[in-house]
Amino acid sequence: MAWNEGYVSDIEYTNGFYSDLSPHHLNFSCILNGIEPVPLDQPYTYFELGFGRGQTLNVLAAANANGRFYGNDFNPAHVAGARALAAKAQLGNLTLLENSFEELAQGRVADLPQFDFITLHGIYTWVNRENRQHIVDFIARYLKPGGIVSLSYNAMPGWSSALPLQRLLLEFAASFPGRSDMQMQAGIAYVQQLQNLQAGYIADNPALAPRLNALINSDPHYSVHEYLNQDWEPLYHADVMRDVARAKLDFAGSADLPLAFPELYMNADQQATIDLLPDAARRETMKDYFLNTSFRKDVLVRGARRMGAVRQAECYADVHLAMLVPRAKMTFTFQTKAGVVTGNEQVYGAVCDALANGPHSLAELAALPSLPGQSVQSLAEVAAMLVTGGQVVMYFPSQAHADSGDAAARRLNQTVGAQLRYGDDYRILCSPLTGSGIDTEFIDRLLFSLLTQEREQPDLATLQAQAATAMARCGRRLLKDGAACADEAAHQQLLNAAIEEFMRDTLPVLQQLRVL
C-alpha cells in the first residue's frame, strides 16, 4: 500500500477555516447541552488530527495565548505550508507534525501531552477503517478525562441518494489515470453527459439535483477530497458511537448550535416517535432520518459531567458576544439544516442594538432595560442563532497573556496581508478578543494591510491612491456586472466606493474585535 493509503494526496485540500473547531465554540456547544466545559482561563492543550492546509490551527494558536496547539497531517505539502505560515507569525505555542494516525496512536511521537481538546474535520469518513481505529486509539491514549472531541463526518441517510454518484466519479477516475483535479473535471463532464442523456439514476433521483449543482460549481480541490478517496464511507451516528465507545466518549451534542433546541426543528409527534427508542445513540440517529442529515458535527466528551440549571446559568452568564457585521446589515431570519427560523424582532433587535455599541456578556444583555423578562437561558438561544447566521461571534474572555495574544494575532494578520501579492489563499483575519478568525473579502484584507503599514491612518485620498497601486500590484480588479472592470476611471470609482464602505462599516467591526 502506498504511503497515502488510498487518500488523495497529489493536490492540496482547500485552505478553509472552521470556526466551530475553536475551543470557545466547542465549550458553548457543551453548555447548551448541559455539559461541563473545559476552563479556558487557564492553560489548556489542543490537537487537530489531519489539519489540511493548517489555517484553522494557525489562527486558533495565534488567537488563544492560553492554549498549546498541536496537529498532524501526513501530506508533506500541507505540513510545509502550515509551518511556513506559523514561522512567519512566530507562533511559539504551535507544533505541527508530519505523522500518520498510526504513529500517533501507538505513542511513537515523543513528548506529546494529554489534551483537553481533540478535533478533526471530515477526515473520519474519508479514511479506511484501520485509520478510523487509529484515530479512536489516539483519542483513548491522549484525551484527558473531561476533554472534548469534535468529530465531524459525512453522515447517513443524507448521502444515500449520492452514493452511486461518488462511486461513478471514483470508477471514472480509476479508468483515466492522471492528476486528480483533472480526473474530477473530466468526471463531472461525464456526469453532465449522463444528465443530458436522461440516465435513469439522475432523471429518477430529483434529490440529487442540489448536490450535482454544487459539485459542478465547486472548487476542484474540495471536490477531489470529497469524492475521490478510495475508502470514502458515510456513516450512521449509531455506528460512530459504537466506534468511539472504547475511548470512553459520551455524546454531548452538536457543534451545529441550533440542534441544541429541538423545538426549532421537531414537532411534538416527531419527538414522541424518536423517544420510543430506549437507546440515546439510536434516538440521535433517528433525528438524522427526520432531517435527512448528510454531515454531522458531533461533540463528544470523555466522562461528560451533567450540569444542573444553576450551574448552567452561571456558564451562560460568562458567554460574550461581539458583532461581525454592521448593525444595519443584521437580519433575524436564519437558514438552518432544519429549515428557516425567524427570531423575535424585539428581542433580537435589542440584542443587536447593544452589540453595536460593543461586546456584551449574556449577563449584561439580560440586565438591559430593553430586554425585560429575558434570562441568560433564553438569550443563549438568541446567541446560538446569531452565531449560526454568521452575524455574531461568541467567546469566553480571558485576561491572561492578553498583550502576548494580541501580538501573535497581529503578526499572523500581517503575514496574511503580505500573502495578497501571491494570491487569495488566506481569507481569515485573527481576532484575539474572540479566540477565533474572521472571514474577510479580498478588498477588506488589502485595506487592512495598508492601514497596518502606516503609523497614522492615512487621509481618504492617500488611501484611495495606495489601494489602486496595491490592486495593480496584485493583478486584481473589482467586478462590475459580474466581470472584471477594465475601464480605469470606472474601476477607481468602484474602489473608492469599496473604501468608503470599509471605513464606514468594516473598520469599526475590526476595531471591536481587536483585529486593528
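Visitor: Mind showing me how you'd approach the packing of aromatic side chains here?
Guide: Remark: the centre distance and the inter-plane angle together describe each pair of aromatic rings, the angle taken between the planes. According to the stated counting rule, one finds 17 aromatic pairs in the structure shown. Their ring planes at 35° and their centres at 6.4 Å tell us that phenylalanine 115 and phenylalanine 138 sit as a pair that is tilted. Here phenylalanine 138 lies in helix H5 (residues 129-142) and phenylalanine 115 lies in strand S4 (residues 115-121), a separation of 23 residues in the sequence. Residues phenylalanine 138 and tyrosine 142 carry aromatic rings whose centres are separated by 4.9 Å and whose planes lie at 40° to one another, so their mutual orientation is tilted. Here the residue phenylalanine 138 and the residue tyrosine 142 both occupy positions in helix H5, the gap between them amounting to 4 residues, near one helical turn. A single burial state applies to phenylalanine 138 and to tyrosine 142, both of which are buried. Positioned over the ring face of tyrosine 124 is arginine 132, at 5.7 Å from the centre of the ring. The ring centre of tryptophan 159 lies 3.8 Å from the NZ or CZ of arginine 211, which sits over that ring.

Visitor: Just to check I follow, could you spell out unusual backbone geometry for this structure?
Guide: Residues apart from glycine generally show negative phi values, whereas peptide bonds are mostly found in trans. In this model, methionine 156 is joined to proline 157 through a cis peptide bond whose omega is 10°. In this fold, proline 157 is placed in the loop between strand S5 (143-154) and helix H6 (163-175).

Visitor: I keep staring at the packing of helix H7 (residues 180-196) against helix H10 (residues 220-227) and nothing clicks. Help me out?
Guide: A pair of packed helices can be characterised by two numbers: the angle between their axes and the separation between those axes. Between H7 and H10, whose axes approach to 9 Å, the crossing angle comes to 85°. As summarised for this structure, H7 and H10 are arranged roughly perpendicular, according to the angle between their axes. Along the contact surface, H7 presents Ser180, Asp181, Met184 and Gln185, while H10 presents Pro220, Ser223, Val224 and Tyr227. Of the residues in the contact of H7 with H10, the class split is 4 nonpolar, 3 polar and 1 charged.

Visitor: Would you explain the sheet that holds strand S12 (residues 392-395) in this entry?
Guide: The sheet built from 3 strands is open, its strands ordered S11-S8-S12 with antiparallel pairing. Two strands in the sheet have a free side with no partner beyond their single neighbour: strand S11 (360-361) and S12. Across 2 bridges, the pairing between strand S8 (residues 320-323) and S11 is antiparallel. Across the sheet, the residue bridging to leucine 321 is histidine 360, located in S11.

Visitor: Just to check I follow, could you spell out empty space enclosed by the protein for this structure?
Guide: It is the rolling of a water-molecule-sized probe over the atoms that shows where space remains empty. All chains considered together, the criterion is met by 1 cavity of 30 Å³ or more. One number sums up the size of the largest cavity: a volume of about 90 Å³. Along its surface, the largest cavity is lined by Ser254, Leu259, Tyr265, Glu284, Lys287, Asp288, Leu291, Thr293, Phe295, Arg296, Lys297 and Lys337. Secondary-structure elements contributing two or more residues to the lining of the largest cavity are helix H13 (280-291) and strand S7 (295-302). Sort the elements by how many residues they give to the lining of the largest cavity and H13 lands first, with 4 residues. A breakdown of the residues in the lining of the largest cavity according to their chemical character gives 4 nonpolar, 2 polar and 6 charged.

Visitor: Teacher, can you tell me more about the environment of leucine 215 here?
Guide: On the secondary structure map, leucine 215 appears in helix H9 (residues 209-217). Leucine 215 sits in the buried class, given a relative accessible area of 3%. Sequence separation of leucine 215 and cysteine 315 is 100 residues, and the distance between their C-alpha atoms is 41 Å. Excluding residues within four positions of it along the chain, leucine 215 makes contact with Leu165, Leu169, Met184, Ile188, Ser223 and Tyr227.

Visitor: Help me understand helix H19 (residues 442-453), please; the structure alone is not making it clear to me.
Guide: Since the α-helix packs 3.6 residues into each turn, any two residues three or four apart lie on the same face. Taking 1.5 Å per residue as the helical rise, H19 with its 12 residues ought to reach 16 Å, and the 17 Å between its terminal C-alpha atoms agrees with that figure. The buried count for H19 comes to 10 of 12 residues, which makes it a mostly enclosed element. Of all the residues in H19, the buried ones are Phe442, Ile443, Asp444, Arg445, Leu446, Leu447, Phe448, Ser449, Leu450 and Leu451.

Visitor: How should the layout of surface pockets be read in this particular structure?
Guide: Space inside the second largest pocket adds up to approximately 590 Å³. Every residue lining the second largest pocket is counted, 27 residues in all, and those nearest its centre are Arg211, Tyr222, Glu226, Ser294 and Phe295. Taken together, the elements giving at least two residues each to the lining of the second largest pocket come down to H9, H10 and S7. It is H9 that contributes the most residues to the lining of the second largest pocket, 4 residues altogether. A class-by-class count of the residues in the lining of the second largest pocket yields 14 nonpolar, 9 polar and 4 charged.

Visitor: Could you clarify how one ought to interpret the pattern of salt bridges in this entry?
Guide: Oppositely charged side chains can pair when the atoms bearing their charge come close. If you walk through the whole model with that rule in mind, you get 26 salt bridges. We note a salt bridge from arginine 132 to glutamate 233, for which the minimum N-O separation is 3.1 Å. Residue arginine 132 is located in helix H5, and its partner glutamate 233 is located in the loop between H10 and helix H11 (237-244); the two are separated by 101 residues in the primary sequence. On the basis of relative accessibility, which here comes to 24%, the residue glutamate 233 falls in the partly exposed class. With a shortest N-O distance of 3.0 Å, arginine 296 and glutamate 284 are connected by a salt bridge. One end of the pair, arginine 296, is in strand S7; the other, glutamate 284, is in helix H13, and 12 residues separate them in sequence. Each member of the pair, arginine 296 as well as glutamate 284, carries the same accessibility label: buried. Here the residues in one salt-bridge network are Glu284, Lys287, Asp288, Arg296 and Asp298, joined through shared partners.

Visitor: Help me understand the sheet that holds strand S2 (residues 67-72) in this model?
Guide: Pairing between sheet strands relies on hydrogen bonds along the backbone, with the strands arranged either parallel or antiparallel. With mixed pairing, the 7 strands of this open sheet are ordered in space as S3-S2-S1-S4-S5-S7-S6. Two strands bound the open sheet, and with one partner strand each, they are strand S3 (94-97) and strand S6 (249-254). Between one strand axis and the next, the sheet turns through 20° on average, direction left out of account.

Visitor: Is there a simple way to think about the packing of helix H12 (residues 268-275) against H13 in this case?
Guide: Contact pair H12 / H13: the axes reach a minimum separation of 9 Å and the direction vectors enclose 140°. As the angle between them shows, H12 and H13 are arranged oblique. Handedness of the crossing formed by H12 with H13: right-handed. Contact residues: Gln270, Thr273, Ile274 and Asp275 in H12; Arg283, Met286, Lys287 and Phe290 in H13.

Rules and cut-offs
- Residues numbered from 1 in each chain as written.
- Predicted model: local features only at pLDDT ≥ 70, side-chain atom pairs only at ≥ 80, totals over all residues.
- Heavy atoms only, no water.
- Phe/Tyr/Trp six-rings, centres within 6.5 Å; stacked < 30°, edge-to-face > 60°.
- Helix = DSSP H or I, 4+ residues; strand = E, 2+ residues; numbered from the N terminus.
- Buried < 20%, exposed > 50% of the residue type's maximum accessible area, 1.4 Å probe, protein only.
- Lys NZ or Arg CZ within 6 Å of the ring centre and 35° of its normal.
- Axes fitted to C-alpha atoms, helices over the stretch in contact; angles between N-to-C directions.
- Parallel < 35°, antiparallel > 145°, perpendicular 65-115°, else oblique.
- Contact = heavy atoms within 4.5 Å.
- Nonpolar A, V, L, I, M, F, W, Y, C, P; charged D, E, K, R; others polar.
- Pairing = 2+ DSSP bridges.
- 1 Å grid on protein atoms, 1.4 Å probe; cavity = no way out; pocket = protein on both sides within 12 Å on 5 of 7 lines; lining within 4 Å.
- Points joined across faces, edges and corners; volume = space filled by probe spheres on them.
- Expected span 1.5 Å × (residues − 1).
- Salt bridge = Lys/Arg side-chain N within 4 Å of Asp/Glu carboxyl O.
- Left-handed = near helix turned anticlockwise from the far one by under 90°.

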